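# Inside the fold
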Amino acid sequence: MRKFKTESKKLLDLMINSIYTNREIFLRELVSNASDAIDKLYLKSLTDASANVDQANLAITLTADKDARTITVSDNGIGMTAEELEKNLGTIAHSGSEEFKAENAEAQGDAVDIIGRFGVGFYSAFMVAKEVSVVTRAFGSDECNRWTSDGVEGYTISAVPTDDPAYRATCGTDVIMALKDNTDDASYDEYTSEYTLKDLVKRYSNYVRYPVQMMVTKSRQKEKPADAGDDYKPEWESYEELETLNSMTPIWKKRAADVEQSEYDEFYKSTFHDWEAPARTFSLHAEGSLEYDALLFIPGKAPFDLYSRDYEKGLELYSSNVLIMEKCADLVPDYYNFVRGVVDSSDITLNISRETLQQNRQLQVMARRIEKKITSELEAMRDNDREAYEKFFDNFGRGIKYGIYSSYGMKKDELAGLLFFWSAKNEKFVTLQEYAEGMVEGQSQIYYAAGDDRDRLAKMPVVKAALAKGYDVLLCTADVDEFCFQAMRDFTATGLAKVYEDDAAREAAEKAQADGAEAETEDRALMLKNVSSGDLDLATDEEKTAAEKTAKANEGLFVAMKDTLDGAVAKVTVSAHLTGEGDAPSCVTAEGPVSLEMEQVLAAGPDGGENAPKATRVLEVNASHPVFAKLQAAQEAGDAEKLALYTSLLYDQALLTEGLPVADPVAFAQNVCKLM
């Protein structure tokens, strides 16, 4: 027996027990090695006429013997000599494939795709095997040699006699694994199961370029005998058939023109276990210093666990058609966590186990390109298929809004154009750009109302007041909407009609247009304004002046009302936008960074309760409403009890109108009874 060197023994132990996290990948590694061996022979045939390789017969074969508890991976590739066995398998971390690739870099072209890199994948076999034998015959040689090791002390290399059943008549390699004994924690017998082997090939090696074949047991109905009577019952028999387990050609490497949408749909459903076809399918093929292919899907429906902690984002990552990671989270940002698909590149830098990636510039470049591609496809869907986009946004829009909020607004330029909100004025979903294009002359802000119900929001006094003045209001019903807008602060609308500083400039522009010049446009930053905020500026100068005079004249009344509410509001004042008798008698607004809707959301969160931030509330009174006259009369009569009753009812009514809970429902009910 040839001993492993001390350093090699330590490395081998590390290989078997530490580098790989999942022992089932041993089959992936051995199939990849077999594919490399066939590629080497095929490349040899391109430069050596004596090779005479029939490409149609190149294949990898799996054989499982349940009785002997062995698994064999065979190939009809280039094989190895005794010296190559010593060099490649006797030296840990020596990659014959990597060496071959370097020596034949110019010759191999696209016809050959060598997978191996580190020279360690072979030893993953010892994760499931107590002994591994490699029987191999090199191309152009009559000798057949056997390498055997238990993966502990060392290995033996010996010639295989021609009369030995293991002797190979042609070039190629057989890797025979004698499985470890079963334990309480692990059953190694499962790897002799046809189902398990088929599943592992489908999962990890489905797109290896050569057929991975195995004899599988099937059943079929026997032919009915000619003399069988009417009472004949069908009989079944078992038979074996050589079956190709992998599909070989990745669908993402085919030209889009050669693939029907139904094929993409079937691939998506079977790969990502979804019963519904994707809403959109698109591909990306990058060439240059970093080459990769990507096939991406936007699901037709959000998975049930999309917003749960257990949900894992990521794209399937392949390297040279071999699955490396089932979910590579670094390839898509969190706000596109719903995107599914595959990315395949032979250029990415892997770590030694090929199970994780090195964090490097290559990965970042791919992620940026993929993100831009997703954004452009969503924009195309928004512009060309409105109905489909509305359905998409209903499923996944919450995540896009959260992407703006979680980035503290830094992603607003990329994502704001994808946002959709309900227009109270037009009664349909609109983008922020469409809202801006429909603004009335002189409008400089985008108005919105946040809550949990669209119909209730439309009936809010402040919303009705804004609509009455011709302003549109976006009705936002998602809990993240208010936080998203707070993070954005403003939205830059493009191509708006230019606003001129004075009449002379405007008249000059109008004259130029009359002479045939195009209308001037500009990009304008529009502030996002909650209509429930205390500093809402919808009133005209006359209305503001009238409100200030009324507030000053009734200063004592408002102080008394504020004292009655005992700290519930920061102040009581006259509303500048509730000015008609038909408007609501009062409304509650908020001052400062915390809005009424944010207060509700934060209170319902895990850190809610008494410690949750509170909005600074303001009670605004409609001075034109008959109720205000009642308040004045009670104040002038010195009837503190009646004023307190009216004030409490007015405040609670305003809260209910805003969709907010009253502090004391019992007291509210009692006050209503008193009034009756």
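With that settled, the discussion passes to the overall build of the chain. Along the chain, the regular secondary structure elements total 21 helices and 23 strands. Here the C-alpha radius of gyration of the chain, 37 Å, is well above what a compact globule of 676 residues would show, namely 26 Å. In terms of principal-axis extent, the alpha carbons of the chain reach across some 120 × 75 × 70 Å. The 676 residues of the chain split such that 48% are buried.

Below, the discussion takes up the pairing of strand 4 (residues 129-137). Burial analysis of strand 4 places 7 of its 9 residues in the buried class, which makes it a mostly covered element. In terms of strand pairing, strand 4 meets strand 7 (residues 172-179) through 8 bridges, oriented antiparallel. Bridging across to strand 7, Ser 133 finds its partner in Ile 176. Bridge count for strand 4 against strand 5 (residues 145-149) is 5 bridges, and the pairing is antiparallel. The residue of strand 5 that forms the bridge with Thr 136 is Asn 145.

A few words now on the environment of Phe 304. By the secondary structure assignment, Phe 304 is in the loop between strand 11 (292-298) and strand 12 (315-319). It is 28 Å that separates the C-alpha atoms of Phe 304 and Gly 409, two residues lying 105 residues apart in sequence.

Now for the confidence of the model for the chain. For the chain, per-residue confidence averages 86 on the pLDDT scale, and residues scoring 70 or more make up 90% of the total. Note on residues 93-98: pLDDT under 50 across the span, and 21 contacts to partners over four residues away in sequence or across chains.

Quick look at helix 9 (residues 386-406) now. At Phe 396, helix 9 shows its maximal kink, close to 65 degrees. In this structure, the buried residues of helix 9 make contact with strand 11, helix 8 (361-384), helix 10 (412-415), strand 15 (421-423) and helix 14 (481-488). Within two residues after helix 9, Tyr 408 carries a phi angle of roughly 55 degrees, on the positive side.

Definitions and limits used
- Residues numbered from 1 in each chain as written.
- Predicted model: local features only at pLDDT ≥ 70, side-chain atom pairs only at ≥ 80, totals over all residues.
- Heavy atoms only, no water.
- Helix = DSSP H or I, 4+ residues; strand = E, 2+ residues; numbered from the N terminus.
- Rg over C-alpha atoms; globule rule 2.2 N^0.38 Å.
- Buried < 20%, exposed > 50% of the residue type's maximum accessible area, 1.4 Å probe, protein only.
- Pairing = 2+ DSSP bridges.
- pLDDT = per-residue confidence, 0-100.
- Contact = heavy atoms within 4.5 Å.
- Bend = angle between axes of the 7 residues up to and from the residue.

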